[in-house]
Amino acid sequence: MTASKKTGGLAGVVAGTTALCTVGKEGAGLTYRGFDIYDLADNATFEEVAYLLLYGKLPKQKELAAYIARLKTLRGLPDELKAVLEMVPADAHPMDVLRTGVSVLGNIEQEGDFSNQEHVADRLLACLPSMLLYWHRFHTDGKRINVETDDDSVAGHFLHMLHDKPPPEMHQQCLATTLILYAEHEFNASTFTARVITGTLSDFHSAVTGAIGALRGPLHGGANEAAMELIQRFSSAQAAAVGVHKMLAEKEKIMGFGHRVYTTSDPRNSVNKKMSKALAKEAGNMQLYDISEAIEKVMWDEKKLFANADFFAASVYHFMGIPTYLFTPIFVCSRITGWSAHIMEQRANNKLIRPAADYVGPELQEWVPIDKR
Ligand code: COA
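Rules used throughout
- Position labels on residues start from 1 in each chain and follow its written sequence.
- Thresholds applied to this predicted model are a pLDDT of at least 70 for local features of residues and 80 or more for the giving and counting of side-chain atom pairs; totals over whole chains, interfaces and linings are not thresholded and use all residues.
- Note that the side-chain values use all heavy atoms of the structure and ignore hydrogens as well as water.
- Helix and strand assignments come from DSSP, with helices taken as H or I runs of at least 4 residues and strands as E runs of at least 2, each series counted from the N terminus.
- Computation of the radius of gyration draws on C-alpha atoms alone. For the globule rule, the value is 2.2 Å times the number of residues to the power 0.38.
- For every residue, the accessible area (1.4 Å probe, protein chains only) is compared with the maximum for its type, and the residue is labelled buried under 20%, exposed over 50%, or partly exposed between those bounds.
- The criterion used for residue contact is that any of the two residues' heavy atoms lie within 4.5 Å.
- Within this scheme the basic residues Lys and Arg register as positive and the acidic residues Asp and Glu register as negative, but His and the chain ends are omitted.
- We put the charge of a Lys on NZ, of an Arg on CZ, of an Asp on CG and of a Glu on CD.
- The aromatic pairing rule takes the rings of Phe, Tyr and Trp, using the six-membered ring of Trp, and pairs them if the centres are within 6.5 Å, calling planes under 30 degrees apart stacked, those over 60 edge-to-face and the rest tilted.
- Being near a molecule or strand, for a residue, means having at least one of its heavy atoms within 4 Å of it.
- Each polar contact in these results corresponds to two N or O atoms within 3.5 Å; when the atoms are within protein, one needs to be able to donate a hydrogen and the other to accept it, and residues that are neighboring in sequence are counted only if both atoms are side-chain atoms.
- The protein chains shown are the only cover counted for residues, whose accessible areas, like all others here, come from Shrake-Rupley with a 1.4 Å probe.
- By nonpolar core is meant a set of buried Ala, Val, Leu, Ile, Met, Phe, Trp, Tyr and Cys residues that side-chain atoms within 4.5 Å join together.

Colleague: Where do I start with the overall build of the chain in this structure?
Modeller: Per the secondary structure count, the chain includes 17 helices and three strands. Taken over C-alpha atoms, the radius of gyration comes to 22 Å for the chain, in line with the 21 Å a tight globule of 373 residues would show. Across its three principal axes, the chain shows a C-alpha extent of roughly 70 × 55 × 50 Å. Of all 373 residues assigned to the chain, the portion counted as buried reaches 50%. Long-range contacts, defined as pairs at least 24 residues apart, comprise 76% of the intrachain contacts of the chain with a sequence gap of at least 6. Across the chain, 38 positive and 44 negative side-chain charges occur, with their mean positions spaced 4 Å apart.

Colleague: Even after reading the chapter, I still don't get the packing of aromatic side chains, so can you show me in this structure?
Modeller: Two numbers describe a pair of aromatic rings. These are the distance of the centres and the angle of the planes. Scanning the model with the defined rule gives nine aromatic pairs in all. A ring pair is formed by Tyr51 and Tyr55, whose centres lie 5.0 Å apart and whose planes are at 40°; its orientation type is tilted. Taken as a pair, Tyr51 and Tyr55 lie in helix 3 (residues 46-55) at a separation of four residues, close to a single helical turn. Taking relative accessible area as the criterion, Tyr51 reaches 10% and is therefore assigned buried.

Colleague: How should I be thinking about the site of the ligand in this particular structure?
Modeller: Close contacts around the ligand come from 18 residues, with Lys253, Ile254, Gly256, Phe257 and Arg260 the closest. Taking Leu219, its main chain carries an N or O atom lying 3.0 Å from a nitrogen atom of the ligand. One of the backbone N or O atoms of Ile254 is found 2.7 Å from a nitrogen atom in the ligand. Here the ligand has 850 Å² of accessible area as a free molecule, and 63% of this is covered by the chains.

Colleague: What is the right way to read the nonpolar core from this model?
Modeller: In summary, soluble globular proteins display a tendency toward joint burial of nonpolar side chains. In this structure, Tyr32, Met131, Ile295 and Ile322 are the most contacted members of the largest nonpolar core, which totals 109 residues. With twelve residues, the top contributor of residues to this core is helix 7 (residues 117-141). Those residues in contact with Ile322, other than ones at most four positions away along the chain, are Phe158, Leu159, Leu162, Tyr317, Phe327 and Ile330.

Colleague: Can you walk me through unusual backbone geometry in this structure?
Modeller: Where the residue is not glycine, phi is negative for most of them; where a peptide bond is considered, it is trans in most cases. Positive phi is not limited to glycine here, since Glu186 has a value of about 55°. Tracing the chain through its elements places Glu186 in the loop between helix 9 (169-182) and helix 10 (189-199).

Here it is as structure tokens:
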């Protein structure tokens with residue numbers, strides 16, 4: 001067997017070191033800088049987690065207050081960027097909108113030398129929701145919204161801009177919890193993309209632009225949107241069970257299930273599932289939750305495949321009135337913290353990332369002139 005067969009998709013290959021995160025290691029399913037994800041989901045705010053990832057330690061009270069205040073000052077968008085967002089077509093995918101938005105911002109607010117990198121990280125964290133919802137509201141309601149709301153949290157800022165009013169506490173908290181769960185995940189495809197781009201000594205915005213492109217696909221972040229579309233195809237738990245059995249028989253992939261690293265469960269799923277149930281109860285309609293549970297049961301019974309972070313995140317977002325096509329962009333608004341931390345970690349000890357390939361093409365051949373082919 002060739003090396004590439006053994007390591008298809010680089011599965012199991014250790015491609016570098018990180019002090020940011022463990023995935024599926026002994027004892028704890030997921031940790032950020034040594035903190036268990038369940039401790040963070042139960043006790044931290046998303047802004048504390050962002051600070052932990054970006055600045056290497058949990059903030060003290062005063063530091064957190066200053067950080068929240070600072071992020072609030074970084075929410076505004078330059079007029080040139082607003083003009084571009086207004087020109088991007090209404091039917092563009094919002095992931096493409098964010099990809100373009102970050103790239104344009106990199107032209108307007110050029111990074112310059114790397115001494116500014118923490119500022120760029122905070123700026124992107126603060127203004128990604130602004131970009132997304134400025135574009136969304138402009139094209140759906142024809143409104144040029146104020147993106148500089150007074151909400152303390154990223155989750156509150158997001159929901160406020162989406163629904164034009166401060167969000168209910170429960171929704172804000174649930175959204176913030178999903179942001180914590182999505183914030184960081186070691187050498188996943190988009191983070192690795194960001195590190196490869198960073199490894200060439202390119203700029204911050206280029207690395208994030210590339211990462212957004214990688215996250216967009218349904219095998220990665222795009223799975224939360226695909227999961228919602230699947231759940232909404234069915235009108236009852238029974239219909240879902242029948243439908244998913246049929247899909248499996250036809251060898252279709254069920255989005256929101258399985259994982260490259262976890263083998264028996266995704267630790268983030270139980271948290272999302274609990275929130276999905278609570279929000280379904282709040283909405284007074286358990287149908288979508290029951291359908292989701294039925295799909296989960298078939299996947300485990302038939303394939304021993306478990307729901308990953310994306311599956312129940314989908315209904316959590318749906319119950320808050322978030323349109324499906326904004327689900328993967330929410331992942332961006334969270335994972336920007338992990339990407340930024342990895343970009344800075346890569347720069348701190350940089351080495352160009354350039355692996356080798358097993359050649360499987362033809363032997364050396366003689367050149368044939370065009371009239372003799
Ligand atoms: N639905 C149905 N079958 C699945 C599956 C799914 N979601 N995930 C994996 N499998 C099956 C594959 O068909 C394959 O079966 P085979 O060996 O009979 O061909 C086997 O399990 C291994 O899957 P593979 O895709 O090769 O594993 P991977 O490590 O390359 O992929 C994922 C990991 C996440 C890409 C994969 O599980 C997947 O595509 N999941 C759906 C997309 C998703 O939810 N992505 C978000 C990840 S957090």
